[in-house]
Amino acid sequence: YKEPETQSVQAAVELRGVSCYFGPVKAVDGVDLEILPGEFFSMLGPSGSGKTTCLRLIGGFEQPTAGQIVLFGQDASKLPPYARDVNTVFQDYALFPHMNVRDNVAYALMVRGVPKPERHRRAEEMLELVKLSGLGDRRPGQLSGGQRQRVALARALINRPRLLLLDEPLGALDLKLREEMQIELKALQRQLGITFIYVTHDQGEALSMSDRVAVFNHGKIEQLDNPKTLYEYPKTEFVARFVGSANVLEGRLLGLGTGKYALRPERIAIQAGSHNGPNSLCGTLLDIHYLGAQTRYEVQVGNERLTVLTSSEEQGLQVGGAVTLRWEHSALRPLQEVS
Ligand code: ATP
């Protein structure tokens, strides 16, 4: 991924001071945003943070209460969904159950009056792209969840939109299939060069696929960065905790005066016993969770509960026993206070 030159590239999507209120609920609250052509852009946040509403505003399924939505340089704020060069993949796929897979995929072409032979040819092309060749005659009900997901994707891509919106498209799949589809989606996006906007509450999914990620909290974007920066340099306590479950420590506890710091669980080493020293804290081991590739420890330090992740299980640790946590000073990331 190459940092774009923002001056010379026209944005695919621009939100300017966009808000969307439902009665007293500020679902989206004054969002400014630029998404570049060809970007894989994710909107990440907990349930109710406004990411789906933001996606629906871009798709034209909701009207902004205030602000402007610009798509490829054109004010689209008042355009209906069908007049935008945008398709959407919904979490439940919304396939037509009575149509076979080929007709589902070719639906957008049928509506536009494309003759049947060409419709079928292009549908088969799309099915090949999503690795479903040969399944065109089946009904959606005769497919697995992962296959239905691919049909929904093929259907949304057949008329080559400039922008594809994806609302938790992998949410219904089991973990292994989800991880496979993450890799395929990213590869497909690269191959087609279409701008993807992807809504998810799964931070791992957002980090692994995206060029940039916007973290939503209470209808606002709290941080917008590439995955590495987001993970390594969270700006706020919310982002630190939501992306990668960082520990958040008070400066006082660390002897660093006021302020807050994020400390990633995997940047902490743990050993048995109480050993005072710089960049360390002593506490009591509350719990050990064996996770396979990693082991997670919960440790009580004063009033705080800290998490430690190690790649191999430490020996000689006992639940209820004293432990010492250590880290490199550079692992502490200062956080901003948010009003
Ligand atoms: P989730 O992951 O659960 O879908 P989200 O981050 O996508 O959450 P939104 O669906 O955008 O969040 O919802 C943001 C807020 O707006 C929530 O408080 C929600 O209840 C509210 N909201 C969304 N749509 C409507 C609606 N049509 N009418 C009233 N309130 C709504």
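Residues numbered from 1 in each chain as written. Predicted model: local features only at pLDDT ≥ 70, side-chain atom pairs only at ≥ 80, totals over all residues.

Caption draft 1: A look at the overall build of the chain. When helices and strands are tallied, the chain shows ten helices and 18 strands. Structurally, the chain occupies a C-alpha span of about 80 × 45 × 40 Å along its principal axes. Across the 339 residues of the chain, 35% fall into the buried class. Once local pairs closer than 6 in sequence are excluded, the contacts in the chain between residues at least 24 apart make up 63%. (Helix = DSSP H or I, 4+ residues; strand = E, 2+ residues; numbered from the N terminus. Buried ≥ 20, exposed ≤ 12 C-beta atoms within 10 Å, placed from the backbone. Contact = placed C-beta atoms within 7 Å.)

Caption draft 2: The sheet that holds strand β17 (residues 322–326), seen in detail. Spatial strand order, β13-β17-β14-β15-β16: five strands in an open sheet with antiparallel pairing. Each of the sheet's edge strands pairs with one partner strand only, and the pair in question is β13 (269–272) and β16 (304–310). On average, each strand axis in the sheet is inclined to that of its neighbour by 40°, with strand direction left out of account. The sheet contact formed by strand β14 (residues 280–290) and strand β15 (residues 295–301) spans six bridges and is antiparallel. Each residue of the ladder has a partner; that of T284, found in β15, is Q300. (Pairing = 2+ DSSP bridges. Axes fitted to C-alpha atoms, helices over the stretch in contact; angles between N-to-C directions.)

Caption draft 3: Broad picture of the site of the ligand. Close to the ligand lie F22, V25, A27, G45, S47, G48, S49, G50, K51, T52, T53 and H201. At the level of elements, β2 (25–35) and α1 (51–59) are the ones that each hand at least two residues to the shell around the ligand. In terms of residue count, α1 provides more of the shell around the ligand than any other element does, three residues in total. (Near = placed C-beta within 6 Å.)

Caption draft 4: Representation of α1. Within α1, eight of the nine residues are buried, which leaves it mostly tucked inside the rest of the structure. Along α1, the positions that sit buried rather than exposed are K51, T52, T53, C54, L55, R56, L57 and I58. Count one or two residues on from α1 and you reach G60, which has phi positive near 90°.

Caption draft 5: Spotlight on the UniProt feature "domain: ABC transporter" (unreviewed entry) in the chain. The UniProt record marks residues 13–243 with the feature "domain: ABC transporter" (unreviewed entry), using the residue numbering of this structure. Across residues 13–243, the secondary structure splits into 36% helix and 26% strand, with the terminal C-alpha atoms separated by 25 Å. (UniProt positions renumbered as here; feature names shortened; annotations may be inferred.)

Caption draft 6: Region of the structure containing unusual backbone geometry. Its identity as a non-glycine residue notwithstanding, E168 has a phi of 45°, on the positive side. Looking at where E168 falls in the secondary structure, it is placed in the loop between β7 (163–167) and α6 (175–192). On the basis of neighbour count, E168 is assigned to the partly exposed category, with 19 C-beta atoms found within 10 Å. Of note, S245 is a non-glycine position whose phi angle comes to about 50°, a positive value.

Caption draft 7: Main features of the sheet that holds strand β1 (residues 13–22). Taken in spatial order, the four strands of this open sheet run β2-β1-β4-β5, and their pairing is antiparallel. Unpaired on one side and paired on the other, β2 and β5 (74–75) mark the two borders of the sheet. One ladder, built from two bridges, connects strand β4 (residues 66–71) with β5; its direction is antiparallel. The partner of L71 across the bridge, within β5, is Q74.

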